[in-house]
Structures are given as C-alpha cells and as structure tokens.
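For reference, the chains in residue letters:
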Amino acid sequence: MRIATVNGRAALLDGDRYLDLARATSGVVPATPGAFLQSWRQTQQAVTDLGSEQDWQPLAGARLGAPVPDPRQSIGIGLNYAGHVQESGLDLPDFPLVFAKLPGSLCGPNDDVLLPSESVDWEAELVVALGGPLDRGSRQEAAAAIAGFMVGQDLSDRRVQHQAPGGQHTIGKSYRTFGPTGPALVTLEELADPHDLEIRCRINGEVMQDGSTAQMMVDVCELLSMLSARLPLGPGDLVFTGTPEGIGSTRNPPRFLRPGDVIETEIAGLGRLVNTCVADSTYPTGPRP
Ligand code: ZN
C-alpha cells in the first residue's frame, strides 16, 4: 500500500486517486499525518478490510505533504555508498556517519526548497520508516520493524556542514525544507527488493546521480540493527540511508543549487519528488550557521 499526506490528512494512494483513511476506516486510522505508524498493525488490517465501495477522490489539484512529517527521531546516515565516499576524498569508514536530520527540516514531495546560501547541495536517498519498536534488535527483527520506504532528499549546506573546527553536520542538513520526503510511504509488498532500486537525482532535467540501492555498503536491516544496539528506535522513526555518488560540491567546478533550479529525486517503485529552489533572505547575518 501507499500512504501519503493529502491536504493535511492521511490518505491511501492508488494511481491518480486517493482515499481519506480516517473517513474510510471510521477513525481506525487517524487523520493526523504519520500517526498511522503508532498503530501500524491496526492500520494494515483496516486497509486490508476496506470494502470495494469507497469514496476515492482525484489526486489532481490536491496538496501532498510529508507522509511522516513529525517523527520522534529522524536519523541521517552518511558515507554509505563507496562511490560517494571516494568523490568526497575520504577513506571508507568502519561505521557509516550518523547525524540528526532534524524533523523541522522535513517537507513535502512538491514543496519549494528555501536556499539560505549559495552552498546548498543535493543528496538523493532511500528513507525507511519504522512501524514497530526496535531495541538491540537483530537483522531479522529490524526487517520486521520496517513499515515502508520513501524517497528522500538530504539537502546539505556544505559550507556549514564542514565549518571549522568540527563541522556542523546536523544544522547544515536541517535547515527548514532541507528534507523533502514522499510522495508516499510504500510498504514492502509493493517492492521486489528495497536493496535493488534505481535511485536518481536530476537538476533541471540533467542527471546528476544515477545509482542503485544495491550499492549501499551497510544495508537497511544492518543499519537499523546497528543503530538499535546504541539507542532504542520506535514507530514513526525515520532513517535517511545515505546517498550515491554524483553530488554537486565535489564536481569540477563545484555545482550548488540556485534559485529556480528544479530538483527531481526518484527511486524506482517509490515515486518522485519535484522541488523548486527559492532564495530565502530571512536568515540572520553574522557568523554562520
Ligand atoms: Zn545524506
């Protein structure tokens, strides 16, 4: 199944139409976006039990929001594709980089992205959402805790991210609108293999990243298991799982996002984000970030 946020409410997607889940299930599935992950088993059952007579609405003209806009935890993984580690001029890590992709940065699949500077870069990523608890879990337990997957963008202000003396990964990747996600949370039965999906990023139609989730060095189940060895994970938590090669800042010459640029982020079977960049001059002047 595909669950999205349509006009601010949780909705089931089917091609070019949607079904309001709270109305269709008489409130078994909450209307609040993302809240369905707190009662994931009931949601799955309620969707399975839906009759054929439902009030499907055309998706055209509706506004899509982030499918899970308010996760308890949103974790970013860096340096999880060898090609990206190499283009970054770094040694392969023993353990991928872990940082917070703060929930305030999340936005919808077609929202404008606000650029606070001229050093913002793109990172197409597979995002996993949890539907159950995972605490010191094995790979198998991690797989069972997964609710589904989304397309994500881990937009990053490189100047802030690498700012001396120690870098500012978290805030450099957590400015408002730096985390487009969607268009829907897609469950496993819709995907042949989440570890074999083409993942792409285009800027103004030009292909910048063209990889596969098969290139991840640490796969999703192992990432979740490793994270849960260190802190408990729970329903609604999101993990951005790293980006393949093809970012802008390591190009020659470097390429950064500019106002008017259109970012298309696509993962086969999951869908596509289309976000337009807009200059934001409201940031305070003075020392960054
Ligand atoms: Zn990233």
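Conventions used here
- Residues numbered from 1 in each chain as written.
- Predicted model: local features only at pLDDT ≥ 70, side-chain atom pairs only at ≥ 80, totals over all residues.
- Heavy atoms only, no water.
- 1 Å grid on protein atoms, 1.4 Å probe; cavity = no way out; pocket = protein on both sides within 12 Å on 5 of 7 lines; lining within 4 Å.
- Points joined across faces, edges and corners; volume = space filled by probe spheres on them.
- Helix = DSSP H or I, 4+ residues; strand = E, 2+ residues; numbered from the N terminus.
- Nonpolar A, V, L, I, M, F, W, Y, C, P; charged D, E, K, R; others polar.
- Domains from an automatic or database assignment.
- Contact = heavy atoms within 4.5 Å.
- Salt bridge = Lys/Arg side-chain N within 4 Å of Asp/Glu carboxyl O.
- Phe/Tyr/Trp six-rings, centres within 6.5 Å; stacked < 30°, edge-to-face > 60°.
- Buried < 20%, exposed > 50% of the residue type's maximum accessible area, 1.4 Å probe, protein only.
- Lys NZ or Arg CZ within 6 Å of the ring centre and 35° of its normal.

### What to know about the layout of surface pockets
Take a probe with the size of a water molecule and roll it over the atoms, and the empty space left behind shows itself. Volume-wise, the largest pocket comes out at about 300 Å³. Along its surface, the largest pocket is lined by 23 residues, and Leu79, Ser88, Gln161, His162 and His169 are the ones closest to its centre. Mapped onto the lining of the largest pocket, the elements with two or more residues apiece are strand E6 (74–78), strand E7 (97–100) and helix H5 (158–161). Split by residue class, the lining of the largest pocket holds six nonpolar, twelve polar and five charged. By volume, the second largest pocket amounts to about 210 Å³. Together, 14 residues line the second largest pocket, and Trp40, Gln44, Ala144, Ala145 and Ile146 are the ones closest to its centre. For the lining of the second largest pocket, the secondary-structure elements that each account for two or more residues are helix H2 (40–48), helix H4 (139–145) and strand E12 (146–153). For the lining of the second largest pocket, the residue count by class is seven nonpolar, four polar and three charged.

### A look at the domain arrangement of the chain
Domains assigned within the chain are domain 1 (2–62) and domain 2 (74–279). The centre of domain 1, based on its C-alpha atoms, is set 26 Å off from the matching centre of domain 2. Each partner contributes residues to the interface: domain 1 has eight residues there, and domain 2 has 15 residues. Between the two partners, domain 1 and domain 2, sit one salt bridge.

### Things to note about the packing of aromatic side chains
Inspection of every chain in the model, using the stated rule, returns two aromatic pairs. Between Phe36 and Trp40 the ring centres are 6.0 Å apart and the planes differ by 50 degrees, which places this aromatic pair in the tilted class. The interplanar angle of 40 degrees and the centroid separation of 5.3 Å between the aromatic rings of Tyr175 and Phe178 together place this pair among those described as tilted. Note on Tyr175: relative accessible area 6%, which makes it buried. Between the NZ or CZ atom of Arg17 and the centre of the ring of Trp56, over which it lies, the distance is 4.1 Å.

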